[in-house]
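# Understanding the architecture of this molecule
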Amino acid sequence: MKKSIEIDVGGETLKIETQRWAKQSNGSALLTFKDNVMLVTANMKDEAREGQDFFPLTVDLRENNYAAGKIPGGFFKREGKPSEREVLLSRMIDRPIRPLFPEGFLNETQVIALVLSADFSIDYDSLGIIGASVALISSTIPFSTPLAAVKIGRREGKFVINPGLEELGEMEMILQVAGTEKDVVMLEARGKEFGEDIFKEGLIVAQEIISNICAAQQELINPDKFEMEEDAEAKEIFNSIKEKYEDKLRDAIFTIDRDERKTKTKEINNEIFDPLKEAEEDTAKIGKYKAAVHHLEYEVFRKTLVERKKRNDGRDFDKVRDISIELGILPRVHGSAVFTRGETQALSTVTLGSEDDAQRMDMLYATDSPFRKFMLHYNFPPFSVGEVSFLRGAGRREIGHGSLAQRSIESVLPTEDKFPYTIRVVSDILESNGSSSMATVCGSVLALMDAGVPIDAPVAGIAMGLIKEGDEIAVLTDIAGYEDHFGDMDFKITGTENGITAIQLDIKIDGLSDEIIDKTLEDAKKARLFILEEMKKAIAEPAEKLSEYAPVILVMNINPEKIKDLIGPGGKTIKGLTAEYNVKINSEDDGKVTIAAANKEIGEKVKERIIEITQVAVMGKIYKGKITRIEDYGLFVEIFRGTTGLCHISELSNKRIANIQDENFRLGQEMEVKVIGIDKENKVKVSKKAVDSPSAPPAHNRDRNRDRDHRDRDRGRRNS
């Protein structure tokens, strides 16, 4: 049904219309905020696939180039595979809506968000989450809890609601919150070492706005929802398995030794499923047995953990697993570290490069620099969990984990003028049993310090979990695999000794109370400080020297007007230097030149050559030059490459020279001359006399008319 509402968000109007466009979709929402327009649709298949035991939800956001009046770059001139930003925004929408679908709903569902018009006065993650909520609640899909989101920035001690894309770089803290009318469902934060109190203040501001947006959506809820039928056979299967295997499963799950735990669990599964395979049961029935076993594991694990006040690996709730650190283990890379926490292990490597190695960002909106000079890539190979599968490119999970680690670290990196390198960090997960993204943060920081990158402070990360059974609550520090899989929360927090640098929260329940958030932040801070101490034992300060295999980068500044001389006709000069010395040279319009060389000796040689090519004459400075031309009125002396000065006949000697041809001057002859004049056209006058007899007064102004006559005659000769 077509409906329309308007909501005040930070003093601006957000207009939402349902079923105006894309009316064949099960649900559609058109959102307008200033000149930003987004269309979000929601659809589901009529029936679940036979034997399916998981909820197949797909969320895709696309930023169309036409939305900003742009034509795509590249050869094909049309949008291709989603960009990294589109993947992250798609994940941002998926994470808060997923836990609000009813348990047992397995119909394939798809949400698509299209940015149709963009003025960049707001980031599109908040609009996408609100649009997904409206499209779902207004459809027949079983989703009835309104959801909203807002981005809160903090600048100069004040909170800013939904800062525009161009303002994000000015913020001390950026907080993205999604929630229902009462509870937080998902949040992300990043910033420069902000405190827990500031974070909670921002959360209060966000919750008030979210509550208002959710309340306004109530009138858009479609009462005619898809009805889920109870599966009597599935219920009977679950009860029979519970009666027979509950105690065995409890014993297996809470076996402290991991290998023994896996063996016991495998034996139980074989005992349940081998008879089904021998009886050649259909896939639908086997799927119900799998779902029953999984649900029983869920119940047993959670109930037992809360009752025993112990985790299945024997730890207390606030205990961090054992940590070990190895540094500099790969001789040829520029920095390396292996960070192991429990049964999770990350190999982090650092590669340093020049400006040419920076990643060019093809984005819908323009930024101050289209290049990214810090990259962090996360890889999760199948052997890390003892599995066999294809090795493919980075998926959404890898991109998301890498982005979180990158946001966690980038605020402590040195400025470009202090460290002009492009930095690439790669984290390969060698072993995984929970919290691999936080191991990536710790390992990457250690590798950066091993590489000699002068970071402001070390950063550590911790993943916090939650088990909520009725009124019983267990907040878990440094969650492992079972706790992540069967728990209610994955609350990742990274930071230094002085404050938080990034937060990411995902939950599987309806929302989190303030009490749980406060407890989580408190325990996470203790754990973070503990891990930082362990990291300091391994390496307290960044290495003083870079690896001998790292390139040497020298930065110099030249006169911007001389850039054309450095480049040369058709790039001949700069290409020649690059080929001769096997270096990379980058120049900018403001005169900044960066040289990346194999070692400092080569870099200094290139720097000297560039100085020769681009230097400008300095008044009063003495140069050793060569005679390039002899005329009746004086000599033309090349004082350095590309710059020649006229030494008038009156400036050759203290004695009067009647005929210059009578003197023994010859082409190529070296002589020292002093710069005594530079006119508006940068024509240079030099004097040999001023060098031979410094006290003698300059004679270049004695007869200006004669000088002018000589210049006119010389110009006429050149033209002829």
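Residues numbered from 1 in each chain as written. Predicted model: local features only at pLDDT ≥ 70, side-chain atom pairs only at ≥ 80, totals over all residues. Heavy atoms only, no water.

Summing up its helical and strand segments, the protein has 15 helices and 29 strands in all. Taken over C-alpha atoms, the radius of gyration comes to 35 Å for the protein, far larger than the 27 Å a tight globule of 720 residues would show. When its C-alpha atoms are laid out on the principal axes, the protein stretches across 120 × 60 × 50 Å. Looking at the protein as a whole, 52% of its 720 residues are labelled buried. (Helix = DSSP H or I, 4+ residues; strand = E, 2+ residues; numbered from the N terminus. Rg over C-alpha atoms; globule rule 2.2 N^0.38 Å. Buried < 20%, exposed > 50% of the residue type's maximum accessible area, 1.4 Å probe, protein only.)

With that settled, the discussion passes to the pairing of strand E28 (residues 670-678). Sheet topology note: the strand E25 (residues 622-631)/E28 ladder contains 5 bridges and is antiparallel. Residue lysine 624 lies in a different strand from E28, and its bridge partner there is glutamate 672. Connecting E28 to the next strand, strand E29 (residues 684-687), in antiparallel fashion are 5 residues, including asparagine 682 with a positive phi near 65°. (Pairing = 2+ DSSP bridges.)

On to the packing of helix H4 (residues 232-253) against helix H5 (residues 258-278), then. Between H4 and H5, the shortest axis-to-axis distance is 8 Å and the interhelical angle comes to 165°. With respect to H5, the axis of H4 lies roughly antiparallel. For the pair H4 and H5, the crossing hand works out as right-handed. For the pair formed by H4 and H5, the contact residues are Ile241, Lys244, Tyr245, Lys248, Leu249, Asp251, Ala252 and Ile253 on the first element and Arg261, Lys264, Thr265, Ile268, Glu271 and Ile272 on the second. Residue composition of the contact of H4 with H5, by class: 7 nonpolar, 1 polar and 6 charged. (Axes fitted to C-alpha atoms, helices over the stretch in contact; angles between N-to-C directions. Parallel < 35°, antiparallel > 145°, perpendicular 65-115°, else oblique. Left-handed = near helix turned anticlockwise from the far one by under 90°. Contact = heavy atoms within 4.5 Å. Nonpolar A, V, L, I, M, F, W, Y, C, P; charged D, E, K, R; others polar.)

With the rule as written, the count across this model stands at 54 salt bridges. The partner of glutamate 522 in a salt bridge is lysine 526, with the nearest N and O atoms 3.8 Å apart. You can see glutamate 522 and its partner lysine 526 sitting in helix H10 (residues 514-538), 4 residues apart, about one turn around the helix. Residue classification places lysine 526 among the exposed positions, given a relative accessible area of 54%. Salt bridges here are not isolated pairs; linked through shared partners, they connect Arg311, Asp313, Arg315, Arg321, Arg341, Asp478 and Glu483. (Salt bridge = Lys/Arg side-chain N within 4 Å of Asp/Glu carboxyl O.)

To continue, consider unusual backbone geometry. Residues other than glycine seldom take positive phi values, yet glutamine 19 does so here, at roughly 55°. In this structure, glutamine 19 sits in the loop between strand E2 (12-18) and strand E3 (27-33). At serine 435, a residue that is not glycine, the phi angle is positive and equals roughly 65°. Along the chain, the position of serine 435 falls in the loop between strand E17 (422-431) and helix H8 (436-451).

Strand order across the open sheet formed by 6 strands is E1-E2-E3-E4-E6-E5, with mixed pairing between neighbours. Only two strands of the sheet have a single neighbouring strand rather than two, namely strand E1 (3-9) and strand E5 (57-63). Averaged over all neighbouring strand pairs, the angle between strand axes comes to 15°, with direction disregarded. Inspection of the sheet shows E2 paired to E3 by 5 bridges, in the antiparallel sense. Bridged to lysine 15 within E3 is threonine 32. On the sheet, helix H1 (residues 84-97) packs against E5 and strand E6 (109-117) and is oriented at approximately 140° with respect to E5.

Once that is clear, we can look at H10. Its 25 residues give H10 an end-to-end C-alpha distance of 37 Å, which sits within 8% of 36 Å, the value for a rise of 1.5 Å per residue. By the burial criterion, the buried members of H10 are Ile516, Ile517, Thr520, Leu521, Asp523, Ala524, Ala527, Arg528, Ile531, Leu532, Glu534 and Met535. (Expected span 1.5 Å × (residues − 1).)

So, about the nonpolar core. Counting residues in each nonpolar core, the largest one holds 159 residues, and the members touching the most others are Ile97 and Phe199. Take this core: its biggest share by element is 10 residues, from H8. With residues near it in sequence (within four places) discarded, phenylalanine 199 still touches Met173, Leu175, Leu187, Ala189, Phe194, Ile503, Ile517 and Leu521. In terms of nonpolar packing, the next biggest core, distinct from the first, is built from 18 residues, Ile627, Phe640, Val684 and Val686 among them. (Core = buried A, V, L, I, M, F, W, Y, C linked by side-chain atoms within 4.5 Å.)

The next point concerns helix H7 (residues 396-410). Look at H7: 21 Å from first C-alpha to last across 15 residues, which is about the 21 Å you get at 1.5 Å a residue. In terms of residue burial, H7 counts as a mostly covered element, since 12 of its 15 residues are buried. For H7, the complete set of buried residues consists of Glu398, Ile399, Gly400, His401, Gly402, Ser403, Leu404, Ala405, Gln406, Arg407, Ser408 and Ile409.

What follows covers the sheet that holds strand E12 (residues 335-341). Taken together, the 5 strands give an open sheet; going across it, the order is E11-E12-E13-E17-E16, and neighbouring strands pair in mixed fashion. Strands at the two margins of the open sheet, each flanked by one partner only, are strand E11 (323-327) and strand E16 (374-379). Ignoring strand direction, the axes of neighbouring strands in this sheet form an average angle of 15°. Examined bridge by bridge, E12 and strand E13 (residues 344-353) share 7 bridges and lie antiparallel to one another. Counted as the bridge partner of valine 338 is leucine 347 from E13. Lying on the sheet, H8 is in contact with E11, E12, E13, E16 and E17; it crosses E12 at an angle near 145°.

Before going further, it helps to examine the packing of aromatic side chains. Enumeration over the complete set of coordinates arrives at 14 aromatic pairs. Judged by centre distance (6.1 Å) and plane angle (65°), the rings of phenylalanine 105 and phenylalanine 226 are edge-to-face. Taken together, the residues phenylalanine 105 in the loop between H1 and E6 and phenylalanine 226 in the loop between helix H3 (196-217) and H4 connect sequence positions 121 residues apart. Taken together, the aromatic side chains of Phe55, Phe101, Phe105, Phe143 and Phe226 make up a single cluster linked through ring pairs. Note that arginine 154 overlies the ring of phenylalanine 159, its terminal NZ or CZ placed 5.0 Å from the centroid. Note that arginine 397 overlies the ring of phenylalanine 380, its terminal NZ or CZ placed 4.3 Å from the centroid. (Phe/Tyr/Trp six-rings, centres within 6.5 Å; stacked < 30°, edge-to-face > 60°. Lys NZ or Arg CZ within 6 Å of the ring centre and 35° of its normal.)

Below, the discussion takes up the pairing of E12. Extensive coverage of E12 is indicated by the burial of 7 of its 7 residues. Burial along E12 is two-sided: the residues Gly335, Ala337, Phe339 and Arg341 and Ser336, Val338 and Thr340 are all buried. Note that E11 and E12 share 5 bridges and pair antiparallel. Paired with isoleucine 323 across the strands is arginine 341, a residue of E12. Taking the residues between adjacent antiparallel strands as the criterion, E12 and E13 are bridged by 2 residues, where glycine 342 takes a positive phi near 65°.

Moving on, we come to the environment of glycine 195. Mapped onto the elements of the fold, glycine 195 is located in the loop between strand E10 (184-194) and H3. Expressed as a C-alpha distance, the spacing of glycine 195 and isoleucine 500, which sit 305 residues apart in the sequence, is 6.1 Å.

Before going further, it helps to spend a moment on the confidence of the model for the protein. A low pLDDT means the predicted coordinates there should not be read in detail. Put simply, the protein has an average pLDDT of 90, and 95% of its residues get 70 or more. pLDDT under 50 marks residues 699-713. Its contacts with residues more than four places away, or in other chains, come to 15 contacts. With pLDDT under 50 throughout, residues 715-720 is counted as low confidence; its partners more than four residues away or in other chains account for 4 contacts. (pLDDT = per-residue confidence, 0-100.)

Moving on: the environment of glutamate 431. Mapping glutamate 431 onto the fold places it in strand E17. Sequence separation between glutamate 431 and glutamate 343 is 88 residues; the distance between their C-alpha atoms is 6.4 Å. Excluding its chain neighbours within four sequence positions, the residues that come into contact with glutamate 431 are Arg258, Glu343, Thr344, Gln345 and Ser384.

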